[in-house]
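Each chain is listed here by its residues.
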Amino acid sequence: MLTLEEALARLLSSIEPLGLTETRRTEQALGRILARDVVSLLDVPPADNTSMDGYALLAADVLQPGTLLPVAQRVPAGVVGARHQEGTAARIFTGAQIPLGADAVVMQEQCQASALPGGGLGMVQINTLPVSGQWIRRRGEDVAQGTVVLAAGARLDAAALGLAASVGAAELQLACRPKVALFSTGDELVMPGEPLRPGAIYNSNRFMLRGLLEGMGCEVIDLGIVPDQLEATRQALREAALQADLIITSGGVSVGEEDHLRPALQLEGRIDLWQIAIKPGKPLAFGEVRRADRSPAWFIGLPGNPVSSFVTFLLAVRPVILRLQGATRLAPRGFNLRADFDWPRPDRRQEFLRVRLNAAGGLDLFPNQSSGVLTSAVWGDGLLDNPGLQTIKAGQLVRFIPFSELLT
Ligand code: AMP
Ligand code: MG
């Protein structure tokens, strides 16, 4: 048996990034992996500006609350005002540039404006003692010119797209989406919409794995169900390899005589069958299908049990898909949280229990941890990563990996 760590090291050292990149408009880059650093050519914000509606002034002009100042100008956002005159105030609105020479903003709630008989901008009474610098957002306080705001290998979430846009990046250089072929093996499988004949079950893995792949931004080539026959399996592998960088299957990787993936891959490329010391999980096949030009299409065969398939995908396939795109952060973060349950009979293998966050900040356990019970994965908020042979007592800190760390 391999530890998960050993299996991951083997997978990731075998697989090189695809190295294919494309340019896309920034708004179309959500969820993608960045292929080239985004460097800011400007300071953000580009100039000192106010974070409040109010009055810009020189703090030294207000020596006591109640000071009256003439309003010399009006500066809405998007307008650059005139140079500030000592002994005056400038009416100013959130986001507007601070007039050169002013050094503080007093929020309008602490001011009282009054009109002058002759018209004009009137006077303002400052009902507080301003401190130099208050309510001013400094030029470059978010991003200084020349900074790498997003590094190659980063995954682009919505906040990252906003940051790229804030430095003026209209286009981004991205890793191409990996093409992943998917098929399920098992003569017992039927598709939702078909009648459930005796002995059959619905093919849940196809939907689950396809969803996981699409959630990671892969281009999915869905080859459906492949019958438990050697020739059909070889045929499916060849077809998959023609189109895909990576082939993912579920089921048929045990060593039963109805498990045809091993002999098929031995004929079409190569395969290693691994026993990984994790629960759920355990059997995992890794190999490649050789294409006509001898280049490999990578192959990962997941176990058939739905929760095993789900967990193994998250732990072993997800990092591979990220690596194919040159992503830099492959490992999910774990957090120490309190278990609010006992786990008196742990397995010898590293366990990934489906748990849910409760309102008290602890973790509850789904009562049925069987590898066939997909309900546990829907109910849960993440996986409790429990080392082999470790019992858990309520109140103890455990390592929790939220699904948010595993699903993108
Ligand atoms: P296998 O790995 O092919 O021996 O399958 C292990 C278990 O997972 C068996 O109970 C299968 O019926 C079940 N299984 C295999 N593939 C699927 C699938 N696509 N959807 C739901 N269950 C499956
Ligand atoms: Mg099977």
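Computed from a predicted model, the values in this text were never measured in an experiment.

Criteria and cut-off values
Residues numbered from 1 in each chain as written. Chains lettered and ligands numbered in written order. Predicted model: local features only at pLDDT ≥ 70, side-chain atom pairs only at ≥ 80, totals over all residues. Heavy atoms only, no water. Phe/Tyr/Trp six-rings, centres within 6.5 Å; stacked < 30°, edge-to-face > 60°. Helix = DSSP H or I, 4+ residues; strand = E, 2+ residues; numbered from the N terminus. Buried < 20%, exposed > 50% of the residue type's maximum accessible area, 1.4 Å probe, protein only. Lys NZ or Arg CZ within 6 Å of the ring centre and 35° of its normal. Arc of directions from axis to C-beta. Contact = heavy atoms within 4.5 Å. Core = buried A, V, L, I, M, F, W, Y, C linked by side-chain atoms within 4.5 Å. Domains from an automatic or database assignment. Near = heavy atom within 4 Å. Polar contact = N/O pair within 3.5 Å; in protein donor to acceptor, adjacent residues only side chain to side chain. Areas by Shrake-Rupley, 256 points an atom, 1.4 Å probe, with all protein chains shown as cover. Nonpolar A, V, L, I, M, F, W, Y, C, P; charged D, E, K, R; others polar.

Chemist: Could you give an account of the packing of aromatic side chains, naming the residues involved and the relevant values?
Modeler: Scanning all chains against the criterion turns up four aromatic pairs. For the ring pair F286 and W298, a centre distance of 5.9 Å and an interplane angle of 15° mean the geometry is stacked. Highlighted residues: F286 in strand 20 (residues 283-290) and W298 in strand 21 (residues 296-302), separated in sequence by 12 residues. Like W298, F286 is buried. When the ring of F310 is compared with that of F403, the centres are 5.6 Å apart and the planes differ by 75°; the resulting orientation is edge-to-face. With a gap of 93 residues between them, F310 in helix 6 (residues 306-324) and F403 in the segment after strand 26 (397-402) connect regions that are remote in the sequence. Here the aromatic residues W274, F286 and W298 are joined through ring pairs into a cluster of three or more. The ring of F286 carries the charged tip of R270 above its face, separated from the ring centre by 5.8 Å.

Chemist: Go over helix 1 (residues 4-14), please, and point to the residues and values.
Modeler: Given 3.6 residues to a turn, an α-helix orients residues that are three or four positions apart in the same direction. Burial in helix 1 covers these residues: L4, A7, L11 and L12. The arc enclosing the buried residues of helix 1, seen along the axis, measures out at 120°, which places them on a common side. Facing away from the buried side of helix 1, by more than 90 degrees, are the exposed residues E5 and S13. Turning to helix 1, the residues buried within the fold contact strand 18 (269-275), strand 19 (278-279), strand 20, strand 21, helix 6 and strand 23 (350-357).

Chemist: Report on the nonpolar core, specifying residues and quantitative values.
Modeler: If you look at soluble globular proteins, the nonpolar side chains tend to sit buried side by side. Counting 46 residues, the largest nonpolar core has L246, I300 and F313 as its most contacted members. Within the residue set of this core, elements represented by two or more residues are helix 1, strand 13 (179-185), helix 3 (205-215), strand 17 (246-250), strand 20, strand 21 and helix 6. If you count residues domain by domain, this core takes at least three from each of domain 1 (4-19 + 177-324) and domain 4 (335-406). If we skip the residues at most four places from it in the chain, F313 touches L209, L212, L213, M216, L302, R318 and I321.

Chemist: An account of the site of ligand 1 is requested, with residue identities and associated values reported.
Modeler: Around ligand 1 sit 16 residues, and of these E188, N203, G252, G304 and N305 come closest. Between ligand 1 and the protein, one listed contact pairs a nitrogen atom with a side-chain N or O atom of N203 at 2.8 Å. Interatomic distance of 3.4 Å between a backbone N/O atom of N205 and a nitrogen atom of ligand 1. Calculation on ligand 1 without its partners gives an accessible area of 490 Å², and the protein chains cover 77% of this total. Residue assignment for the shell around ligand 1 shows that the elements contributing at least two residues are strand 13 and strand 15 (201-202). Looking at the shell around ligand 1, its residues break down into four nonpolar, 11 polar and one charged.

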